[in-house]
Amino acid sequence: MSTSRNHRGGAAFLLAQLGAHAANRFAERISELGLSPSDVGLLRMIGTDPGLSQRALADHLGVVPSRVTALVDQLDRQGLVERRRSTEDRRNYELHLTEEGGSLLGRMRSLGAAHEADICAALDERQRAQLIDLLRLIVDQQGLTAGVHPGYRS
């Protein structure tokens, strides 16, 4: 490996560099919606699995339920998420997007697609698919939960 190539960093450094860059750019893109990246992740999860309980969401994120309560409280105050008593277990609440939350989720998806296209603009379709496959291998090998950003645990 040449010195100049080595000086530019190995795979772990490049992933960290690109990850930080992509996260910052994404935060900038969604700031126009008045949301944080963690808000977007929660709305996406709730929109994908309507009726999910707060406990199930906490388990999926790998965080304590009180952390999820605080995150959902904020989305509830913004009128994006509503809690409904479970019809199966009245002690639990199910999470659902409001009409406004669903509409916002559509806008978020458009911003996400534009973000993905921008970040991966240097790659053709085949290269992008290959990169995704390789990154998924690393995610699986590292025991990470697919689709869950580790930032929720902070």
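Throughout what follows, the structure given in this document is the object of discussion. (Residues numbered from 1 in each chain as written. Predicted model: local features only at pLDDT ≥ 70, side-chain atom pairs only at ≥ 80, totals over all residues. Heavy atoms only, no water.)

**Thoughts on a nonpolar patch on the surface**
Next up, step 1: There is a patch of nonpolar side chains on the surface, built from Leu 15, Leu 131, Leu 135 and Ile 138 and spanning about 290 Å² of accessible area.
Next up, step 2: No other element matches helix α7 (residues 125-141), which puts three residues into the nonpolar patch.
Next up, step 3: Summarising the element assignment, Leu 15 is placed in helix α2 (residues 11-31).
Next up, step 4: Relative accessible area serves as the criterion here: at 42%, Leu 15 is assigned to the partly exposed category. (Patch = residues over 30% accessible without salt bridge, like charges linked within 9 Å, V, L, I, M, F, W, Y side chains within 5 Å. Areas by Shrake-Rupley, 256 points an atom, 1.4 Å probe, with all protein chains shown as cover. Salt bridge = Lys/Arg side-chain N within 4 Å of Asp/Glu carboxyl O. Helix = DSSP H or I, 4+ residues; strand = E, 2+ residues; numbered from the N terminus. Buried < 20%, exposed > 50% of the residue type's maximum accessible area, 1.4 Å probe, protein only.)

**Concerning the pairing of strand β3 (residues 93-97)**
Next up, step 1: Most of β3 is tucked away, with four of its five residues classed as buried.
Next up, step 2: Here strand β1 (residues 52-53) runs beside β3; their pairing, made up of two bridges, is antiparallel. Bridge pairing in β3 links Ser 53 to Glu 94.
Next up, step 3: Note that strand β2 (residues 81-85) and β3 share five bridges and pair antiparallel. (Pairing = 2+ DSSP bridges.)

**What about the sheet that holds β2?**
Next up, step 1: Strands sit in the order β1-β3-β2 across an open sheet of three strands; the sheet is antiparallel. Where the open sheet ends on each side, the last strands, each with one partner, are β1 and β2.
Next up, step 2: Across the sheet, helix α3 (residues 37-48) touches β2 and β3, and the angle it forms with β3 is around 105°. (Contact = heavy atoms within 4.5 Å. Axes fitted to C-alpha atoms, helices over the stretch in contact; angles between N-to-C directions.)

**Re α7**
Next up, step 1: For α7, built from 17 residues, the straight-helix expectation of 24 Å at 1.5 Å per residue is met to within 8% by its first-to-last C-alpha distance of 25 Å.
Next up, step 2: One side-chain oxygen of the residue at the start of α7 lies 3.1 Å from the amide nitrogen of Arg 126, identifying that residue as Asp 124.
Next up, step 3: In the segment just after α7, Gly 143 is the residue with positive phi, at about 75°. (Expected span 1.5 Å × (residues − 1). Polar contact = N/O pair within 3.5 Å; in protein donor to acceptor, adjacent residues only side chain to side chain.)

**As for the packing of helix α4 (residues 54-61) against helix α5 (residues 65-77)**
The description of two helices packed together rests on the angle between their axes and the distance between the axes.
Next up, step 1: Between α4 and α5, the least distance of the axes is 9 Å, while the angle of their chain directions is 110°. Taken together, the axis directions place α4 and α5 in an arrangement best described as roughly perpendicular. Two packed elements cross with a definite hand, and for α4 against α5 that hand is right-handed. Together, Gln 54, Arg 55, Leu 57, Ala 58 and Leu 61 of α4 and Pro 65, Val 68, Thr 69 and Val 72 of α5 make up the contact between the two elements.
Next up, step 2: Considered class by class, the residues forming the contact of α4 with α5 number six nonpolar, two polar and one charged. (Parallel < 35°, antiparallel > 145°, perpendicular 65-115°, else oblique. Left-handed = near helix turned anticlockwise from the far one by under 90°. Nonpolar A, V, L, I, M, F, W, Y, C, P; charged D, E, K, R; others polar.)

**Remarks on α4**
Next up, step 1: Those residues of α4 that fall on the buried side of the exposure criterion are Gln 54, Leu 57, Ala 58 and Leu 61. End-on view of α4: buried residues confined to an arc of 100°, all on one side of the axis. Looking at α4, the residues exposed on the side facing more than 90 degrees away from the buried face are Arg 55 and Asp 59.
Next up, step 2: Buried residues in α4 make contact with α3, β1, α5, β2 and β3.
Next up, step 3: Following α4 by one or two positions, Gly 62 has its phi on the positive side, about 75°. (Arc of directions from axis to C-beta.)

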